[in-house]
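One-letter residues, chain by chain:
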Amino acid sequence: MADPVLAVLQAAQIDNPWSWVIAGYTIVYGAMFGLTAWLWMRLNRVRRQLDDEI
Amino acid sequence: MTTDSETSTDPQAGHDGSGRTSTPVRKLDGIAVAGIVLAIVVAMTVPADKLQGDVQRLMYVHVPSAWVAFLAFGVTALSSIAWLRTHKVTWDTTAAASAFVGVFFTGTALASGMIWGKPTWGVFWTWDARLVSTALLFVIYLGYLALRRATPDPIDRARRSAIMGIIAALQVAVVYKSVDWWVTLHQQSSRNSIDPALRLSLWVSVLAFTIVYIGLTSRRRALLEAEESLRLRGLRGSAVAGDAISKPNLEARSDG
């Protein structure tokens, strides 16, 4: 197969348009919630450090 | 003219001081989550596009991502102008936080566009003017964030990044007009010809993403201010010149 990406896609039988939709939504919303969680955890950690130093 | 030290920043802003998020921030989080759930439900239930079919539903994350990226970089440019005029640290942190979130949404716009491109165009990537100019936008604002990290002095950092934040905004205009200026595979704006049901879904998603942008930017801004407070406290506790200056021996002088 000349196109390795196409070979993987065919092997995974990703020919349904909903597969692309679900993949796109998972990546975008997953990244969004991941960033929110990272910011929330880091902010709480820095605030705890500030509180400890008072 | 004011300096960083003259402008107060409150790292506890929007929080109750106990590490827990205060009511207004929690309300914004609640609205954002409700908006995202509504956007997903509407996007999955509106009729499929007549030409593209269900793959077109990716537009409900791709277009809002691109819109929020443009908004974020616009806010960065305006905040940069405000910093150059007032030298208030709050404008600098707003510019930095907005650029950070803008880079994130440029990334999601590129990723969702590539996922849409494969089943529609047959390729994840092509050297199209809109795609290349968007990738360049992503790299330019990564450079903006790198410039901030590479400049330790707060005033120098704010000045350099403000200038870059204003100049970089020109690339936003290039990306927006790229489909008009060059012959591109990427479609031109279709907001006037879109079906009302699809347009409604698009607007719901744009609104939800904008609320998420406000929440992420305010959190990132609070984090930058808290980190700066932590850094300043660390500086206060340490000697300015380290071991380079020894304590004067006053006792020896009194003996003489």
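Just so you know, these numbers come straight off a predicted model, no measurement behind them. (Residues numbered from 1 in each chain as written. Chains lettered and ligands numbered in written order. Predicted model: local features only at pLDDT ≥ 70, side-chain atom pairs only at ≥ 80, totals over all residues. Heavy atoms only, no water.)

(A) Examining the overall build of chain A more closely. On a plain count of helices and strands, chain A comes out with two helices and zero strands. Burial analysis of chain A (54 residues in total) assigns 28% to the buried set. Total accessible area on chain A stands at roughly 3500 Å², and carbon and sulfur atoms take up 64% of it. (Helix = DSSP H or I, 4+ residues; strand = E, 2+ residues; numbered from the N terminus. Buried < 20%, exposed > 50% of the residue type's maximum accessible area, 1.4 Å probe, protein only. Areas by Shrake-Rupley, 256 points an atom, 1.4 Å probe, with all protein chains shown as cover.)

(B) Representation of the interface of chain B and chain A in the model. On the side of chain A, 31 residues touch chain B, which itself brings 41 residues to the contact. Where chain B abuts chain A, roughly 3400 Å² becomes buried across the two surfaces, and 75% of that area is made up of carbon and sulfur atoms. Looking only at chain B, the three residues that lose the most surface to chain A are Arg219(B), Leu230(B) and Arg233(B), adding up to 16% of its buried area. Here chain B is connected to chain A by one salt bridge. Residue Arg42(A) is joined to Glu227(B) by a salt bridge in which the shortest nitrogen-to-oxygen separation is 2.7 Å. Between the two partners, chain B and chain A, sit four residue pairs in polar contact (both at pLDDT 80 or more). (Contact = heavy atoms within 4.5 Å. Buried area = accessible area lost by both parts, 1.4 Å probe. Salt bridge = Lys/Arg side-chain N within 4 Å of Asp/Glu carboxyl O. Polar contact = N/O pair within 3.5 Å; in protein donor to acceptor, adjacent residues only side chain to side chain.)

(C) Representation of the packing of helix H4 (residues 129-150) of chain B against helix H5 (residues 154-181) of chain B within the structure. Residue and element names in this part refer to chain B. Closest axis-to-axis distance for the H4/H5 pair is 9 Å, and the angle between their directions is 175°. Comparing their axes, H5 and H4 come out roughly antiparallel. For the contact of H4 with H5, the residue count by class is 15 nonpolar, seven polar and four charged. (Axes fitted to C-alpha atoms, helices over the stretch in contact; angles between N-to-C directions. Parallel < 35°, antiparallel > 145°, perpendicular 65-115°, else oblique. Nonpolar A, V, L, I, M, F, W, Y, C, P; charged D, E, K, R; others polar.)

(D) Structural detail: helix H2 (residues 17-53) of chain A. Taking 1.5 Å per residue as the helical rise, H2(A) with its 37 residues ought to reach 54 Å, and the 54 Å between its terminal C-alpha atoms agrees with that figure. Residue Asn16(A) occupies the N-cap position of H2(A), its side-chain oxygen lying 2.9 Å from the main-chain nitrogen of Trp18(A). (Expected span 1.5 Å × (residues − 1).)

(E) Quick peek at the confidence of the model for chain B. Confidence along chain B averages 86 in pLDDT terms, with 83% of residues attaining 70 or more. Predicted confidence is poor over residues 1-19 of chain B, with pLDDT under 50, and the contacts of this stretch with residues over four places away or in other chains come to 37 contacts. (pLDDT = per-residue confidence, 0-100.)

(F) Representation of the nonpolar core. Residues Tyr25(A), Tyr29(A), Met32(A), Phe105(B), Tyr141(B) and Phe209(B) are the most contacted members of the largest nonpolar core, which totals 56 residues. Looking at this core, the element that brings in the most residues is helix H6 (residues 196-236) of chain B, giving 13 residues. Residues within four places of Tyr25(A) in sequence aside, it is in contact with Gly30(A), Ala43(B), Met44(B), Arg57(B), Leu58(B), Tyr60(B) and Val61(B). (Core = buried A, V, L, I, M, F, W, Y, C linked by side-chain atoms within 4.5 Å.)

(G) Focus on unusual backbone geometry. All names here are of chain B. Positive phi, close to 60°, is recorded for His87, a residue that is not glycine. You can see His87 is positioned in the loop between helix H2 (59-86) and helix H3 (89-121). The class of His87 is buried, set by a relative accessible area of 12%.

(H) Examining the layout of surface pockets more closely. All names here are of chain B. Taken as a whole, the largest pocket encloses approximately 1400 Å³ of empty space. Lining the largest pocket are 45 residues, with Val63, Gln187, Ser189, Ser190 and Leu202 positioned closest to its centre. For the lining of the largest pocket, the secondary-structure elements that each account for two or more residues are H2, H3, H4, H5 and H6. Top contributing element to the lining of the largest pocket by residue count: H2, with eight residues. (1 Å grid on protein atoms, 1.4 Å probe; cavity = no way out; pocket = protein on both sides within 12 Å on 5 of 7 lines; lining within 4 Å. Points joined across faces, edges and corners; volume = space filled by probe spheres on them.)

(I) Fine view of the packing of aromatic side chains. According to the stated counting rule, one finds twelve aromatic pairs over all chains in the structure shown. Their ring planes at 25° and their centres at 6.3 Å tell us that Trp38(A) and Phe100(B) sit as a pair that is stacked. Placement of Trp38(A) in helix H2 and of Phe100(B) in helix H3 is noted, with the two residues assigned to different chains. Aromatic side chains Phe104(B) and Phe105(B) sit 5.1 Å apart centroid to centroid with 80° between the ring planes, which places their arrangement in the edge-to-face category. This pair shows no difference in class: Phe104(B) is buried, exactly as Phe105(B) is. Cluster of aromatic residues (ring-pair linked, three or more members): Tyr25(A), Tyr29(A), Phe104(B), Phe105(B) and Phe209(B). One cation-aromatic arrangement involves Arg220(B) over Phe100(B); the distance from NZ or CZ to the ring centre is 4.1 Å. (Phe/Tyr/Trp six-rings, centres within 6.5 Å; stacked < 30°, edge-to-face > 60°. Lys NZ or Arg CZ within 6 Å of the ring centre and 35° of its normal.)

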